[in-house]
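# Descriptive structure summary
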Amino acid sequence: MADGGNVPLDIKVTIGRRKKKKGSSFEEVDKGQPCLSCGDKCLGFVPHKWRSTCASCHCSRDEHDLIHDNLVTVFERLNLPIEDHAQLQRTKEKALALGYSWVPNGLSVSKIEEFMNSLPNNQIPRLHTPGEKYRDRQLIIQIPKKDVSEEYCHFLGEAASNDSFSQFLELRDETAFGVGKVKDYLPQDMECFKCGGEIEAGEIGIFVDKMEDESCCWHPFCFTCNTCEELLVDNSYFYREGQIYCERHYAELIMPRCASCDELIFTGEYVRAMSENFHGGHFCCEQCDKALSGQSYIMREDRPFCVSCYDDNFANECAECNKKIGHESKASVCRECDPQGRGNVNQDEPLAWVILQLLSAEKFFHHPHCDLVALSGMKRLGFQGKEWHDKCFRCKVCDKHIGAGSFVPKDDNIYCSTCYEETFGTKCVGCGKIISTGGLQYKNEPWHRECFGCAECGKSLYNTRFTVRDDKRLCADCFGERYARKCAECKQPIVGQGGTKYVCFEQRNWHNNCFNCKRCSVSLVNECFVTEGDDIICPNCAQA
């Protein structure tokens, strides 16, 4: 292809309301793929029956060398309805012809090379290079298939959760999703939205159409997710509150994500532990998958174990008989081998007690409530870089014992869900109750969707057009009944979206399609007419 020729890479996508999203045709290859974290220690990815970790090495799925079985675009990955599949195929072929798995839209060959050369070398999607694999992995990581279709979700729960999932997809695809527009020649110097540095006139810049300030511009290498700071794959972004994100981290601003199965949590209740969110039954022992919510557990290398599995795998052995000693024991010899406790340290002697702590404690800190040291094997909880005794992990307000139950952190304190909602929860302006799901904002005030209603009939105005009159919100029907002009012919209100055209004559009004000759019914809009009492007639009928 000659330099200077444009590469038409626009793909027409139709986004509309969908009741259910079926799975895409793409396939991810993960089983047997090597682990990029532990290397040869893992023989290849072995899917856990429900966790998003490898059953072999316990590393996360994303830490393995994930790939697609074919070249996949963002639109295919998101499973968006594509209007022109032939155009999609031509787009792929032209990118491949230039030696890339993806290229930005509308640039000449020389500008495509300039764009690519501005990216980090290992992230350029050049075929048969680490950059191609980087792009493919980012498609999988930034756009999790469990965020795309119910087909890949196994823990949505009841029908209400399925509805919430569909609403999430609709909100995301229709209001947040966009593709950065690459301009190959900036007419003037601009400031990069990300780094604050200068993008000189004549250089390449990226713009987004979701920003209120349309002049916001990015260096190509600065067009990254606001959370993970990875390059946004294929310049696709999701906009929220003045920032751009990859799909994964945009979704986590809307709904919590389960740290175990990697699915978004659409049910009303979930467990908060270890600074992560979990489905109710997914906060489990790393060894046996026993649910730990409300149960005592012990942390080992930042992973939770039930007491039984911890004792089986990590408890000390008796120096005499080599049997396991329970995690709570401070002795080096079991009771069977030392029934008199001669080998135990006398805890009544202060010096001996200090020595015992020095020998046994894994971490030393003063608990903010009890000032006791956490010894190796003690039942404890880890949160915000601190270790807590199980019994000391309590709600700041009601002092309820939280243990491994759900809680919410705020300002270095922890709260049970009830106290957090009552203390900090967003309350509906209409009813004064906490908004847990289904909220909206109007003039910077929070409302339940069902409370945000018409001032006259009370009908919910969520996702419908309405009119404000005398500081009152009115649905179209109530506005038409009370305030709208009435058609002199059909007597119905003259209302409409975006402004309805009508005819006004001698303090009377007509819908355009009602302004007809009373005798022959010909339209008189923009035509001469004659009045006959209250009727209007065309000149021909007037002469008859």
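### Here we look at the confidence of the model for the chain
- With 80% of its residues at a pLDDT of 70 or more, the chain has an overall mean of 80.
- Residue range residues 1–10 is modelled with pLDDT below 50. Its contacts to residues more than four positions away, or to other chains, number 31 contacts.
- This model gives residues 345–367 a pLDDT under 50, and the stretch forms 37 contacts once residues within four places in sequence are excluded.

### Details of the sheet that holds strand E3 (residues 177–179)
- In spatial order, the strands read E3-E8-E9; together these three strands make up an open sheet with antiparallel pairing. Every other strand in the sheet has two partners, leaving E3 and strand E9 (243–245) as the edge strands with one partner each. Taken over all neighbouring pairs, the strand axes of this sheet differ in orientation by 45° on average, direction set aside.
- Of the pairings in the sheet, the one linking E3 to strand E8 (residues 236–240) comprises three bridges and is antiparallel in character. From the neighbouring strand, Gly 178 faces E8, where its bridge partner is Tyr 237.
- With respect to the sheet, helix H6 (residues 247–254) is in contact with E8 and E9, its orientation differing from that of E8 by roughly 20°.

### A short note on the pairing of strand E13 (residues 303–306)
- In this sheet, E13 lies alongside strand E12 (residues 297–300) in antiparallel orientation, the contact comprising four bridges. Across the sheet, Ile 298 pairs through a bridge with Phe 305, a residue of E13.
- Hairpin connection from E12 to E13: two residues lie between these consecutive antiparallel strands, with Glu 301 at a positive phi of about 55°.

### Some remarks on the pairing of strand E23 (residues 508–511)
- Strand direction decides the pairing type here: strand E22 (residues 502–505) and E23, joined by four bridges, are antiparallel. Within E23, the residue paired with Cys 504 across the bridge is Asn 509.
- Between the end of E22 and the start of E23, which pair antiparallel, lie two residues, with Glu 506 showing a positive phi angle near 50°.

### Here we look at the packing of aromatic side chains
- For the structure on display, the rule yields 15 aromatic pairs.
- Ring centres of Phe 193 and Trp 218 lie 4.9 Å apart, and the angle between their planes is 45°; on these two criteria the pair is classed as tilted. Of the two residues, Phe 193 is situated in the loop between strand E5 (190–191) and strand E6 (198–199) and Trp 218 in the loop between strand E7 (205–207) and E8; the sequence distance between them amounts to 25 residues.
- Note on Phe 193: relative accessible area 32%, which makes it partly exposed.

Analysis parameters
Residues numbered from 1 in each chain as written. Predicted model: local features only at pLDDT ≥ 70, side-chain atom pairs only at ≥ 80, totals over all residues. Heavy atoms only, no water. pLDDT = per-residue confidence, 0-100. Contact = heavy atoms within 4.5 Å. Pairing = 2+ DSSP bridges. Helix = DSSP H or I, 4+ residues; strand = E, 2+ residues; numbered from the N terminus. Axes fitted to C-alpha atoms, helices over the stretch in contact; angles between N-to-C directions. Phe/Tyr/Trp six-rings, centres within 6.5 Å; stacked < 30°, edge-to-face > 60°. Buried < 20%, exposed > 50% of the residue type's maximum accessible area, 1.4 Å probe, protein only.

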